[in-house]
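If you want the building blocks of each chain, they are given just below.
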Amino acid sequence: MASDAKKGAEGEEESGEFAEFLADISQEIAQRVASLSPSSKSTPIQKKERPAPTDPRVIVDWENIADRMIEEMR
Amino acid sequence: MSVVNYGTREITCKIVYYGPGRSGKTTNLQHVYSQLPEERKGKMVSLATDTDRTLFFDFLPLDLGTISGFATRFQLYTVPGQVYYAATRKLVLQGVDGVVFVADSQSRQLAENIESLQDLHANLAEEGLDPRTLPLVMQYNKRDLPASEISPIEELDETLNFRGVPHFGAIAINGGGVFETLRSIASIVLGRLSAPVAKST
């Protein structure tokens, strides 16, 4: 029946019971493929958090380290 | 288990129509086949033999074309319902993704339905598949027979559908309920599609 015509897989025209089935299934497959896609699961690499210093003698963060090194070498 | 293969960009799902002899499994496949557009009609294969040593089943490859960039195929199988084809039923169930249990609605066939359902569970367990979780849909066929000869759907459901899976009344001989059943099992199977597990190197 022409009135039952639906777009099947990737734009092909189908009709009848099979067309309805294909239209429903195509939608489900598209959603499923998108949700399972390896690219959709990738997450940006988190910057590793610096651990909080437990010993006050340990220098964890040393600003302007190059300047300090030059100063030390003088 | 059916997987989305991102390497070959393929999705293949195997669906088996199970049930007692003469319940209408082949009729389901024949209706699906009859509705396929000519360009999609592959070969529906029916193998019939006298002995259990030879394959005896129906096979309908359903090529759905390319969907979201994936070549998608459903493989529909029936098992021989007769009790003595037990080995063939086990063979056909290998690698199954979903089952349509086609029950005969006739009251006098209730014992055969129960026996076939028990047989399904036993065979799935032997295949290492959990009968409690495998995608399953019940179809109560032959609803066109006189009411005096068939059991009400509620009664069939209470007796056979202890998992409470989707169920459909059907008149497969004229196509009634065939695609509704197929759509339901396909939907459940697709919902369980998984991405392939990456191989460790």
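As shown above, the structure is provided for reference.
About the thresholds
Residues numbered from 1 in each chain as written. Chains lettered and ligands numbered in written order. Predicted model: local features only at pLDDT ≥ 70, side-chain atom pairs only at ≥ 80, totals over all residues. Helix = DSSP H or I, 4+ residues; strand = E, 2+ residues; numbered from the N terminus. Buried ≥ 20, exposed ≤ 12 C-beta atoms within 10 Å, placed from the backbone. Rg over C-alpha atoms; globule rule 2.2 N^0.38 Å. Contact = placed C-beta atoms within 7 Å. Nonpolar A, V, L, I, M, F, W, Y, C, P; charged D, E, K, R; others polar. Expected span 1.5 Å × (residues − 1).

Trainee: I tried to follow the overall build of chain A on my own but got confused; where do I start?
Mentor: Across its full length, chain A holds three helices and two strands. Secondary structure elements of chain A, listed N to C terminal, follow the sequence β-β-α-α-α. Within the span of chain A, comprising 74 residues, buried residues form 18% of the whole.

Trainee: How do you make sense of the overall build of chain B when you look at a structure like this?
Mentor: Counting secondary structure elements, chain B contains five helices and eight strands. The C-alpha atoms of chain B give a radius of gyration of 17 Å, which matches the 17 Å a tight globule of 201 residues would have. Projected onto its principal axes, the C-alpha positions of chain B cover 60 × 40 × 35 Å. Here chain B, with 201 residues, has 43% of them falling under the buried criterion. Long-range pairs, those at least 24 residues apart, make up 71% of the contacts in chain B with a sequence separation of at least 6.

Trainee: Looking at this structure, how should I read the interface of chain B and chain A?
Mentor: For interface size, the figure often reported is the accessible area lost on association. Taken together, the contact pairs 22 residues of chain B with 20 residues of chain A. Of all the secondary-structure elements, those providing two or more residues to the side of chain B that touches chain A are β4 (58-67), β5 (70-78) and α5 (178-191) of chain B. Take the side of chain B that touches chain A: its biggest share by element is six residues, from α5(B). Residue composition of the side of chain B that touches chain A, grouped by class: 14 nonpolar, seven polar and one charged.

Trainee: Honestly, α5(B) in this entry has me stumped. Any pointers?
Mentor: Each α-helix turn comprises 3.6 residues. Residues three or four places apart therefore point the same way. For α5(B), built from 14 residues, the straight-helix expectation of 20 Å at 1.5 Å per residue is met to within 8% by its first-to-last C-alpha distance of 20 Å. For α5(B), a buried count of ten out of 14 residues is recorded, marking the element as mostly surrounded by other parts of the structure.

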